[in-house]
Amino acid sequence: QVQLVESGGGLVQPGGSLRLSCAASGSIFSIAAMGWYRQVPGKSRELVASIRAVDGYTTYAASVKGRFAISSAVNTVYLQMNSLRPEDTAVYYCYVEIYTRYWGQGTQVTVSS
């Protein structure tokens, strides 16, 4: 099994920054990709950013491009979030893709003055 532990969420004012971290442990053999989704009540989960393990190729949602940056180290994925807006408020979930997709428990990000 694979376990993912997220950290770094919280309350921040508009224009502020947060950095999310997600550490994977357990039966990790060959990670294909890691990334982040987010979800607000009443809406489906949406992809925020992803990073491919083999070459570091990244993808971003249009709404966060230029403000968020995804990166990874050994079995850990990060999401640097800058210029945060109220509409970024959501629960953020990390995932790791090995032979299937594993999910973190979610961390709340609230952008409000």
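Residues numbered from 1 in each chain as written. Predicted model: local features only at pLDDT ≥ 70, side-chain atom pairs only at ≥ 80, totals over all residues. Heavy atoms only, no water.

Peer 1: Can you tell me about the pattern of salt bridges, naming the residues and giving the values?
Peer 2: Evaluated as defined, the whole model comprises five salt bridges. Taking the shortest distance from any N to any O, the salt bridge between Glu 46 and Arg 38 comes out at 2.6 Å. Classification of Glu 46 by relative accessible area gives partly exposed; the value is 35%. Arg 38 gets classed as buried once you look at its relative accessible area, which sits at 6%. Ionic pairing is found between Arg 101 and Glu 97, a salt bridge with its closest N-O pair at 2.6 Å. Judged by its relative accessible area of 31%, Arg 101 falls in the partly exposed class. (Salt bridge = Lys/Arg side-chain N within 4 Å of Asp/Glu carboxyl O. Buried < 20%, exposed > 50% of the residue type's maximum accessible area, 1.4 Å probe, protein only.)

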